[in-house]
Amino acid sequence: MKSRVHVILGSLVALAIAAAASGASTPGVTSTEVVIGGTTPLTGSASAYQSVARGASAYFKYVNSKGGVNKRKIKYIYKDDGYDPARTSEQTRELVQQDKVFAIFNSLGTEQNQATRPYLNAIKVPQLFVASGATTWGTDYKQFPWTIGYQPNYRAEGTIYGRYVAKTSPKARIGVLYQNDDYGKDLMKGLTNGLGSKAKLIVSKQNYDVTDPDVQSQVARLKAARVSTLMLFATPKFAIQTYVYARRLGWRPKVYVNAVSSAANIMGLATNGTNKKQTEGSLSIVFLKDPTDAHWAKDPGIRLYRSIMKRYKGGNPNDVYAVYGMSAAHTFVATLKQAGKNPTRDSIMKAALRLNIKNDPFLLPGVTVKTSATDHFPLDQAKLERYHNGHWVVFGGLFRVR
């Protein structure tokens, strides 16, 4: 009997070791595959952002064609949430409970990720490289240790604009159009911080909700306040509307357009809906290589990007949101490699907090993806750019704002 028990125990131990070796004990990980998932707005007011997921997907297919990571292919499932937090929650639970994903990756939107963060942290599922610049992803890590963002945070972005206006336009009459959630409010806080003692230059603040059909009345109120410098803290649909309505009112302020709406294709739509004078001189921040900028035409990183987009049908190759997606995917691959040959949810979370990536081919030269146990902001560098003759022109040095 004792001998039989030893045999059974030995068999169970062997099975456990084999399961651990194959990664079978970790949801979403087998000996040949790692399954990750996320949500993105394929439909709705923010559908322009679907390129973020499509660019990431194309990069994973490229990595898989090279053998994957530690002989495992990456399967990336992304689902449409229509930019609706309720749907984000529903789709995320489906990814975890039905699709059995290893981690949630690259889900887009501030309120959308806030809606799922408590759930994912409660069950200890990594919420990696959130596609939102809300400051909370980096500052609230003690409360939500399984969540980390990616892009430069909105408060830092707003600070850069505020400092630049205070230095170059000390007599400006500043107006702000912002989305009425943590995304817009973060940018507002950063702007005020950057302006410092010149915060009184802000003469009008107008907000909108994502469910609003348009921002026509807000634009009219900003013009009525005699705003000369407009901070456009809005998603693409409303950013384009603002340029169009300003044009109709015969109003042409100097515009600072936040990074989430400054993609060359979005600015092209705004220009086509108005004229070159309306968008000329707009300013934004940039941390990615722009595939429409002739300066990068022969750059190895952009050449790689274009070849991947073409081969794996990643969508519009001139869409910088797809470049963003590839950069996030590049970082995920580096993190997965650091997580070990048999990654667990715990090991990939630890790996995400010891990054020092200096070779991302899709980021501007000098921009590093870096994290630590106390630094949960992977990207915190950017440059300024000015829209001129239908394309962005980068100027000045790198800003680093924490």
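Residues numbered from 1 in each chain as written. Predicted model: local features only at pLDDT ≥ 70, side-chain atom pairs only at ≥ 80, totals over all residues. Heavy atoms only, no water.

Caption draft 1: Main features of the side chain of Q91. Looking at the element boundaries, Q91 is found in helix α3 (residues 85–97). Among the polar contacts listed, one links the side chain of Q91 to the backbone oxygen of D80, at a separation of 3.0 Å. (Helix = DSSP H or I, 4+ residues; strand = E, 2+ residues; numbered from the N terminus. Polar contact = N/O pair within 3.5 Å; in protein donor to acceptor, adjacent residues only side chain to side chain.)

Caption draft 2: Representation of the pairing of strand β2 (residues 73–80) in the model. Across eight bridges, strand β1 (residues 33–40) lies against β2 in parallel orientation. Among the inter-strand pairings, T39 is bridged to a residue of β2, identified as K79. The parallel pair β1 and β2 is bridged by helix α2 (residues 50–65), and the resulting crossover is right-handed. (Pairing = 2+ DSSP bridges. Right-handed = clockwise from strand over helix to strand, strands pointing away.)

Caption draft 3: Local environment of the packing of helix α6 (residues 154–168) against helix α7 (residues 182–195). For the pair α6 and α7, interaxial distance at closest approach is 6 Å and the crossing angle is 35°. The two elements α6 and α7 meet at a crossing, and its hand is right-handed. Between α6 and α7, the residues in contact are Y154, R155, E157, G158, T159, Y161, G162, R163, V165 and A166 and Y183, D186, L187, K189, G190, L191, N193, G194 and L195, respectively. (Axes fitted to C-alpha atoms, helices over the stretch in contact; angles between N-to-C directions. Left-handed = near helix turned anticlockwise from the far one by under 90°. Contact = heavy atoms within 4.5 Å.)

Caption draft 4: Molecular detail of the nonpolar core. Counting 115 residues, the largest nonpolar core has I36, F60, F105 and F332 as the members making the most contacts within it. Sort the elements by how many residues they give to this core and helix α13 (residues 320–338) lands first, with 12 residues. With nine residues, the next largest nonpolar core counts I77, V96, V101 and Y119 among its residues. (Core = buried A, V, L, I, M, F, W, Y, C linked by side-chain atoms within 4.5 Å. Buried < 20%, exposed > 50% of the residue type's maximum accessible area, 1.4 Å probe, protein only.)

Caption draft 5: How the structure looks around the environment of L195. Turning to its location among the elements, L195 is positioned in helix α7. Owing to a relative accessible area of 4%, L195 belongs among the buried residues under this scheme. Here the alpha-carbon distance between L195 and K358, two residues 163 residues apart in the chain, equals 32 Å. Here L195 is in contact with G162, R163, V165, A166, I174 and I202, once residues within four sequence places are set aside.

Caption draft 6: Quick look at unusual backbone geometry. In this structure, N70 is a non-glycine residue whose phi angle is positive, near 50°. Look at N70 and you get partly exposed, because its relative accessible area is 36%. Residue Y83 is not a glycine yet carries a positive backbone phi of 65°. Along the chain, Y83 turns up in the loop between β2 and α3.

Caption draft 7: Region of interest: the confidence of the model for the protein. Per-residue pLDDT for the protein has a mean of 93; in total, 94% of the residues score no lower than 70. The low-confidence segment residues 1–24, where pLDDT is below 50, has 15 contacts with residues more than four positions distant or belonging to other chains. (pLDDT = per-residue confidence, 0-100.)

Caption draft 8: Region of the structure containing the packing of helix α9 (residues 236–248) against helix α10 (residues 264–272). It is at 8 Å that the axes of α9 and α10 come closest, and there the two elements cross at 30°. Judged by the angle between their axes, α9 and α10 are roughly parallel. In this structure, the crossing between α9 and α10 has a hand that is right-handed. Where α9 abuts α10, its residues P236, I240 and Y243 lie against I266, M267, L269 and A270. A class-by-class count of the residues in the contact of α9 with α10 yields seven nonpolar, no polar and no charged. (Parallel < 35°, antiparallel > 145°, perpendicular 65-115°, else oblique. Nonpolar A, V, L, I, M, F, W, Y, C, P; charged D, E, K, R; others polar.)

Caption draft 9: Geometry of α10. Taken as a whole, α10 has its buried residues at A264, I266, M267, G268, A270 and T271. Taken together, the buried residues of α10 touch α9, β9 (254–257), α11 (276–279), α13, β13 (381–388) and β14 (391–400).

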